[in-house]
Amino acid sequence: MAFIPKTPYLTTDGIIEIYSDGVFEGIVLIERKNTPLGVALPGGFVEVGERVEEALVREMKEETGLDVSITSLLGIYSDPARDPRFHTASAVYVARAEGVPHAGDDAKEAHIYPLEKIPFDKLVFDHAKIIEDYLQERKREAAHCQ
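A quick note: this is a predicted structure, and the numbers were derived from the prediction, not measured.

Novice: Would you mind going over the pattern of salt bridges in detail, with residue names and values included?
Specialist: Following the criterion strictly, the structure yields 13 salt bridges and no others. Taking the shortest distance from any N to any O, the salt bridge between E17 and R138 comes out at 3.2 Å. Pair noted here: E17 is in strand β1 (residues 9–20) and R138 is in helix α2 (residues 127–145), with a separation of 121 residues, a long-range link. The class for R138 is partly exposed, based on a relative accessible area of 28%. The shortest N-O distance in the salt bridge between R140 and E137 comes to 2.9 Å. Residue R140 and its partner E137 are both found in helix α2; the two are separated by three residues, about one turn of the helix.

Next comes the structure, spelled out in structure tokens:
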């Protein structure tokens, strides 16, 4: 019998930056349909035989109806306590899209949030930390461009 290692579940989450006529409007957050309930970045599980980047594009389409293009990898988030259900490791990407999100799949609602109106107190998993890291990265990029 072959040894099958027990490993964390591989997931991917997306910070979808919404633009309208080239102007940044905010990021997409979803209201989760399933437990844990709350507000989250759209995302989901990588399927066997699927590249992580392909899973990100697929999950964004399924949960928000948006076609995204990946702009960067924000990081890998793997704290064993990040998901109360079981251990997951998530590749978090920043992606760009235009249009209005529409909830689908595991999302009950999907909305665009200007950065100053992100409901940090309602975020589930480790998504508050992820978004804080994203905001810090935006500040670094803005300072670098000046």
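Having seen the model, we can carry on.
Novice: Explain helix α1 (residues 52–64) residue by residue, including any values.
Specialist: End to end, α1 covers 18 Å across 13 residues, agreeing with the expected 18 Å (1.5 Å per residue, within 8%). Listed as buried for α1 are V52, A55, L56, R58, E59, M60, E63 and T64. Considering only its buried residues, α1 is in contact with β1, β2 (23–32), β4 (43–45), β5 (69–77), β6 (88–98) and β7 (107–113). Where α1 ends, the next residue or the one after it, G65, has phi of about 75 degrees, a positive value.

Novice: Describe α2, listing the residues and the values that go with them.
Specialist: A rise of 1.5 Å per residue sets the reference length of α2, with its 19 residues, at 27 Å; its end C-alpha atoms lie 27 Å apart and thus fit the reference within 8%. Listed as buried for α2 are H127, I130, I131 and Y134. Relative to the axis of α2, the buried residues are bounded by an arc of 95 degrees and lie together on one face. Of the exposed residues in α2, the ones pointing more than 90 degrees away from its buried face are K139, A143 and H144. Tucked inside the fold, the buried residues of α2 contact β1, β2, β3 (39–40), β5 and β6.

Novice: Residues and numbers for a nonpolar patch on the surface, please.
Specialist: The grouping of Y9, F45 and F86 at the surface amounts to a nonpolar patch, some 280 Å² of accessible area in total. Relative to the helices and strands, F45 is located in strand β4.

Novice: Tell me about the side chain of R82, and name the residues and values.
Specialist: Within the secondary structure, R82 is located in the loop between β5 and β6. For R82, a relative accessible area of 6% corresponds to the buried category. Within the structure, the side chain of R82 is placed 3.4 Å from the side chain of D13, a separation counted as a polar contact. Once you skip the residues sitting within four places of it in the chain, R82 turns out to touch T11, D13, Y77, T88, S90, F125, D126, H127 and I130.

Basis of the calculations
- Residues numbered from 1 in each chain as written.
- Predicted model: local features only at pLDDT ≥ 70, side-chain atom pairs only at ≥ 80, totals over all residues.
- Heavy atoms only, no water.
- Salt bridge = Lys/Arg side-chain N within 4 Å of Asp/Glu carboxyl O.
- Helix = DSSP H or I, 4+ residues; strand = E, 2+ residues; numbered from the N terminus.
- Buried < 20%, exposed > 50% of the residue type's maximum accessible area, 1.4 Å probe, protein only.
- Expected span 1.5 Å × (residues − 1).
- Contact = heavy atoms within 4.5 Å.
- Arc of directions from axis to C-beta.
- Patch = residues over 30% accessible without salt bridge, like charges linked within 9 Å, V, L, I, M, F, W, Y side chains within 5 Å.
- Areas by Shrake-Rupley, 256 points an atom, 1.4 Å probe, with all protein chains shown as cover.
- Polar contact = N/O pair within 3.5 Å; in protein donor to acceptor, adjacent residues only side chain to side chain.

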